Amino acid sequence: MSADIPSLPEDIGLPRDNGELLFEAPWEARAFGVAVALHEKGKFEWKAFSQALAAQIRRSELAGQSNPYYESWLAALRVVVTHDKMLTPGDIDIRSELLRHQDDHGHTHSH
Amino acid sequence: MIEDPGVLTKALEALLVEKGLITSERIDELVKSYEEDIGPLRGAQVVARAWSDADYRKRLLEDGRSAVAEFGYIDPHGAELVAVENTEQVHNMVVCTLCSCYPWSVLGLPPAWYKSFAYRSRAVSEPRSVLEEFGLRLPETTEIRVWDSNSDIRYMVLPQRPSGTESMEEKQLAELVTRDSMIGVATIESSNLESA
């Protein structure tokens, strides 16, 4: 399939499913794992997550901007954990702010 | 929409771990298993068994969830699994029009195109054109059935066994079965036989 683009890094050992990366960034894998782990612990019905995900996808598509899939996934996760009162929006904002601050003062930035 | 998804993900994970609801180790394990172990090879084994064993085929078509559980493959969400069989007259293809529902237990996580707006919106309205874009041109007389997955029911396609494989063992047969043929956007003839 990629015979005409031989420079594709096929051998760098990243997880690929039929040639495609499952996760494009480390946070996508974590966001995936958090949702699956919470469901596994019985913290929400998968149907509820699935509906929240569909709603996020529809929202971004109605706005004419097809967001990257795992952004919708993450937004759905935030909706479900706050709706089910596992976390409050305030907790999440405060922790995000703190992490962003730490990040700004970190030594290495890879972007 | 989300300003910094990396930061938000870290915040959610840290808070949920601190509350004792999940552990980071379990997230590591889950990610690793979906990256390395749970994938379309499972579905290929199921298809090869169905091709080789008429009784298994019957069980698979009657109750997909129980039939794949014989291999130890269990849907993490407890969803039904319905296997739909391709024949000379009928070609089946699977979509999730609303989001990304997919039979994780037998195919792993869906490919990017399965989650794309283009595929989700067009698979139902113009399946024949979509299949042609995948390189699959079906005879006009073939009926195309499109199955819309949801959180309760997941579908997988039981592709037609290619001709010329009568003497093959189950293990060899499994090597012929592609992910795309089990989603129904390819047939085995069109995608894999020449390279096997």
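What counts and how
Residues numbered from 1 in each chain as written. Chains lettered and ligands numbered in written order. Predicted model: local features only at pLDDT ≥ 70, side-chain atom pairs only at ≥ 80, totals over all residues. Heavy atoms only, no water. Helix = DSSP H or I, 4+ residues; strand = E, 2+ residues; numbered from the N terminus. Buried < 20%, exposed > 50% of the residue type's maximum accessible area, 1.4 Å probe, protein only. Contact = heavy atoms within 4.5 Å. Areas by Shrake-Rupley, 256 points an atom, 1.4 Å probe, with all protein chains shown as cover. Buried area = accessible area lost by both parts, 1.4 Å probe. Salt bridge = Lys/Arg side-chain N within 4 Å of Asp/Glu carboxyl O. Nonpolar A, V, L, I, M, F, W, Y, C, P; charged D, E, K, R; others polar. Axes fitted to C-alpha atoms, helices over the stretch in contact; angles between N-to-C directions. Left-handed = near helix turned anticlockwise from the far one by under 90°. Core = buried A, V, L, I, M, F, W, Y, C linked by side-chain atoms within 4.5 Å. Domains from an automatic or database assignment. Phe/Tyr/Trp six-rings, centres within 6.5 Å; stacked < 30°, edge-to-face > 60°.

Draft legend 1. Representation of the overall build of chain A within the structure. Helices and strands together make up the secondary structure of chain A, namely four helices and two strands. Residues classed as buried in chain A amount to 41% of the 111 residues present. Of the contacts formed within chain A by residues at least 6 apart in sequence, a portion of 45% connects residues at least 24 apart. As presented, chain A carries roughly 6,800 Å² of accessible surface, and 54% of it is formed by carbon and sulfur atoms.

Draft legend 2. Representation of the interface of chain B and chain A in the model. The partner chain A presents 48 residues to the 45 residues of chain B that form the contact. Here chain B packs against chain A, burying approximately 4,500 Å² in sum over the two surfaces, 66% of which is carbon and sulfur. Among the ionic pairs, Glu40(A) bridges to Arg26(B), the shortest N-O distance being 2.5 Å. Take the side of chain B that touches chain A: its biggest share by element is 13 residues, from helix H1 (residues 5-18) of chain B. For the side of chain B that touches chain A, the per-class residue count stands at 27 nonpolar, six polar and twelve charged.

Draft legend 3. Region of interest: the pattern of salt bridges. Under the definition given, this model contains 20 salt bridges over all chains. When the shortest N-O distance is used, the salt bridge between Asp28(B) and Arg30(A) registers 2.6 Å. Of the two residues, Asp28(B) is situated in helix H2 (residues 24-36) and Arg30(A) in helix H1 (residues 26-40); the pairing between them involves two chains. Judged by relative accessible area, Asp28(B) falls into the partly exposed class, the value being 40%.

Draft legend 4. Geometry of the packing of H1(A) against H1(B). Relative orientation of the contacting elements H1(A) and H1(B) amounts to 30 degrees, with a least axis distance of 9 Å. Of the two elements, H1(A) crosses H1(B), and the hand of that crossing is left-handed. Listed contacts from H1(B) to Trp27(A), Arg30(A), Ala31(A), Val34(A) and Leu38(A) of H1(A) are Pro5(B), Gly6(B), Thr9(B), Glu13(B) and Leu16(B). For the contact of H1(A) with H1(B), a count of residues per class yields six nonpolar, two polar and two charged.

Draft legend 5. Focus on the nonpolar core. One finds Phe32(A), Leu38(A), Phe49(A), Trp73(A), Leu16(B) and Tyr119(B) to be the most contacted residues of the largest nonpolar core, which totals 88 residues. Taken domain by domain, the makeup of this core includes at least three residues from each of domain 1 (5-37) and domain 2 (41-195) of chain B. Those residues in contact with Leu38(A), other than ones at most four positions away along the chain, are Lys43(A), Phe44(A), Leu77(A), Val81(A), Met86(A), Leu16(B), Leu21(B) and Ile22(B).

Draft legend 6. Quick peek at the packing of aromatic side chains. All chains considered together, the criterion is met by 24 aromatic pairs over all chains. With a centroid separation of 5.6 Å and 55 degrees between ring planes, the pair formed by Phe23(A) and Tyr70(A) is classed as tilted. Here Phe23(A), found in the loop between strand E2 (20-21) and H1, pairs with Tyr70(A), found in helix H3 (residues 69-83); they are 47 residues apart in sequence, far enough to count as distant. Since its relative accessible area comes to 5%, Tyr70(A) is described here as buried. Taken together, a centroid distance of 5.8 Å and an interplanar angle of 35 degrees make the contact between Tyr114(B) and Tyr119(B) tilted. Overall, the relative accessible area of 0% leaves Tyr114(B) in the buried class. Its relative accessible area of 4% is what places Tyr119(B) among the buried residues. Ring pairing ties together the aromatic residues Phe23(A), Phe32(A), Phe44(A), Trp46(A), Phe49(A), Tyr69(A), Tyr70(A), Trp73(A), Tyr34(B) and Trp104(B), which thus form one cluster.

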